[in-house]
Every structure is written in structure tokens, then in C-alpha cells.
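These are the residues of each chain, in order.
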Amino acid sequence: MRLVAAFLLLALTGPTWAAQMGVVMPGGGLIYKKVESIRERKFSNLVEQKTDFSCGAAALAIIMRQAYWMDVDEDHVIKGMLVNADQDLVRTQGFSMLDMKRYLESIGMRAKGYRITPEVLITVKVPVVVLLEIRGYKHFVVLQRADKDWVYIGDPVLGHKRYTKDDFIKGWNGIVFAVLGEGYDKANALLSPPAPLTAKDKLNEFSPVRDSELMDFGFIQSDFF
């Protein structure tokens, strides 16, 4: 009993390294299990937006990292897009799809925008960038996949989200922006977004992003475009 208590004390007070936690097993054995915070889970395989105007850069970085295994981050993409972008316009309105297209072409990739109907969303089998209008804010996100009921989104600000198809369509402009290039990973992680974290999320519909949720991240109207 004293041995078990000693191991338990070690597990609770000892260092937790490399995202691991000590767990005392029956009989007193100590094993280490990998742990992941809620925030880490929320942004797993995503690139979190760090600046007011960079949702487009972060969305591109998400696809380039996960679908093409490219060693890029948000800052790298921002610098690349600024080369051919109107910097004054970017400061006030953010990057455009044209800025994204020019950047991708400058590094030997291609980009195409397609106008599609809601009925064929389910046929989109690659992650694409889409522009959503959320409560008056225009914001680039990654559409990971869609099924008959849900649309799964990788949001550089809010992390993994899913919307009912009707809610998604209300804020979507009908265009998908596809990133094309050599070395596409057909089994990339974006096509299998994580399941909702709680049973409640599985039972209840996801509501659109609320104003209070945006405010939690310190955003104001100028942060989206």
C-alpha cells in the first residue's frame, strides 16, 4: 500500500514531459500516457492565426502543411504573399484569393476557384479554402469535408468546427479555392477531422459562431474581411 502511495505521489508531483502523464496501475506499476489539452485537440493539424489580417495565410499554411507536407507556417506564407500584394490594402482589408493564387504560382503550385452548388459539397474530396461571412465578418477557413448533414471546418481562429449544412450555406459565398500541386497526400489528416469532444456535442446541433465566442478571442470587426 505504501508503495502504491509512493508511486501515486510521484505521478502527481513529478515532472510531466513530452506531453505525458504518469499513471499508477494496479499492483503499483507506473506507466506514462500521452495527454493532449483541449486547446491542442481543438487546433490539432491546424495553423492558428496570429495576426489580425492573416486568416488567408493561415488557411493556406494548413493545406500546404497537411496535404502536401510542406514545411511552412503562417509567417512564411504572409511574407510570400506580401511580395506581390498591395501592402496598404492588406493592412485594411486583409489578403484576397488573388493574393493567394499569385503566391502559390510563385512557388510552382496552382490554385483554382470553383463556383459550386450546395448539392455537390459532398463530392469535394480535397481540403479547400472557403470564405465565410460570420455575423458580418468575412473570414477564410479550410473546408475539410462535408456529408449529407454536416460541414467540417478548420478555422484558424476557432479551431475545428462543424456546422449544419444549412448554417454553412447561409454564410458561404458558393466558391471553393483549391490548392493544386505535386505530392498531394490522399490520406491527409484534414480529411478526418476530430470528433466533437463531448457527448453533448454529438447529440445537439452546433450553432453558428456567436458574437460572444468571437469576443473571447479579442476580435473586433476589423479582424475579419
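- Going by the annotation in an unreviewed UniProt entry, the name recorded for the protein chain is C39 family peptidase, with Pseudomonas extremaustralis given as the source organism.

### Some points on the overall build of the protein chain
Working step 1: Scanning the protein chain from N- to C-terminus turns up nine helices and eight strands.
Working step 2: By residue count, 43% of the 225 residues in the protein chain fall in the buried class.
Working step 3: Across the protein chain, the fraction of contacts at a sequence separation of at least 24, relative to all contacts at a separation of at least 6, is 61%.
Working step 4: Counting only carbon and sulfur atoms, one obtains 56% of the accessible surface of the protein chain, whose full area is about 12,800 Å².

### Remarks on the packing of helix H3 (residues 55-68) against helix H4 (residues 74-82)
Working step 1: It is at 8 Å that the axes of H3 and H4 come closest, and there the two elements cross at 115 degrees. In the packing of H3 onto H4, the handedness of the crossing is right-handed. Note on element contacts: H4 touches H3 through Glu 74, Val 77, Ile 78 and Met 81, opposite Gly 56, Ala 57, Ala 58, Leu 60, Ala 61 and Met 64.
Working step 2: Taken together, the residues of the contact of H3 with H4 sort by class into eight nonpolar, one polar and one charged.

### Points about the side chain of Gln 144
Working step 1: With respect to the helices and strands, Gln 144 occurs in strand E5 (residues 137-146).
Working step 2: Gln 144 sits in the buried class, given a relative accessible area of 1%.
Working step 3: At 3.2 Å, the side chain of Gln 144 forms a polar contact with the backbone nitrogen of Gly 154.
Working step 4: Of the polar contacts made by the side chain of Gln 144, one reaches the backbone oxygen of Leu 190; its length is 3.2 Å.
Working step 5: Ignoring any residue separated from it by four or fewer positions in sequence, one finds Gln 144 in contact with Pro 127, Tyr 152, Ile 153, Gly 154, His 160, Leu 190, Leu 191 and Pro 193.

### Focus: the packing of aromatic side chains
Working step 1: Inspection of every chain in the model, using the stated rule, returns three aromatic pairs.
Working step 2: One cation-aromatic arrangement involves Arg 162 over Trp 150; the distance from NZ or CZ to the ring centre is 3.8 Å.

### Brief notes about H4
Working step 1: The set of residues buried in H4 consists of Glu 74, Val 77, Ile 78, Gly 80 and Met 81. Viewed along the axis of H4, the buried residues span an arc of 165 degrees, placing them on a single side of the element.
Working step 2: Tucked into the core, H4 has its buried residues touching H3 and helix H6 (97-106).
Working step 3: Where H4 begins, the side chain of Asp 73 points an oxygen toward the backbone nitrogen of Asp 75, at a separation of 3.3 Å.

### Some thoughts on the packing of H3 against H6
Working step 1: As a packed pair, H3 and H6 sit with axes 10 Å apart at the nearest point and diverge in direction by 40 degrees. The pairing of H3 with H6 is recorded here as oblique in orientation. Regarding H3 and H6, the two cross each other, and that crossing is right-handed. Within the contact between the two elements, H3 uses Gly 56, Leu 60 and Met 64 and H6 uses Met 100, Tyr 103 and Leu 104.
Working step 2: Looking at the contact of H3 with H6 residue by residue, the class counts come to five nonpolar, one polar and no charged.

### Quick notes on the nonpolar core
When a protein is soluble and globular, its nonpolar side chains tend to lie buried together.
Working step 1: Grouped together as the largest cluster of nonpolar side chains are 35 residues, with contacts concentrated most on Leu 60, Val 77, Leu 104 and Phe 177.
Working step 2: Examining the composition of this core, we find that eleven residues originate from one element, H3, more than from any other.
Working step 3: Among all residues touching Phe 177, those that are not within four sequence positions of it are Leu 60, Met 97, Met 100, Lys 101, Leu 104, Ala 111, Lys 112, Gly 113, Val 128 and Val 129.

### Structural notes on unusual backbone geometry
Working step 1: Residue Asn 45 is not a glycine yet carries a positive backbone phi of 65 degrees.
Working step 2: Positionally, Asn 45 belongs in the loop between helix H2 (38-42) and H3.
Working step 3: Asn 45 sits in the partly exposed class, given a relative accessible area of 35%.
Working step 4: A positive phi angle, near 55 degrees, is found at Trp 69, a position not held by glycine.
Working step 5: Position of Trp 69 relative to the elements: it lies in the loop between H3 and H4.

Each value, and the rule that gives it
Residues numbered from 1 in each chain as written. Predicted model: local features only at pLDDT ≥ 70, side-chain atom pairs only at ≥ 80, totals over all residues. Heavy atoms only, no water. Helix = DSSP H or I, 4+ residues; strand = E, 2+ residues; numbered from the N terminus. Buried < 20%, exposed > 50% of the residue type's maximum accessible area, 1.4 Å probe, protein only. Contact = heavy atoms within 4.5 Å. Areas by Shrake-Rupley, 256 points an atom, 1.4 Å probe, with all protein chains shown as cover. Axes fitted to C-alpha atoms, helices over the stretch in contact; angles between N-to-C directions. Left-handed = near helix turned anticlockwise from the far one by under 90°. Nonpolar A, V, L, I, M, F, W, Y, C, P; charged D, E, K, R; others polar. Polar contact = N/O pair within 3.5 Å; in protein donor to acceptor, adjacent residues only side chain to side chain. Phe/Tyr/Trp six-rings, centres within 6.5 Å; stacked < 30°, edge-to-face > 60°. Lys NZ or Arg CZ within 6 Å of the ring centre and 35° of its normal. Arc of directions from axis to C-beta. Parallel < 35°, antiparallel > 145°, perpendicular 65-115°, else oblique. Core = buried A, V, L, I, M, F, W, Y, C linked by side-chain atoms within 4.5 Å.

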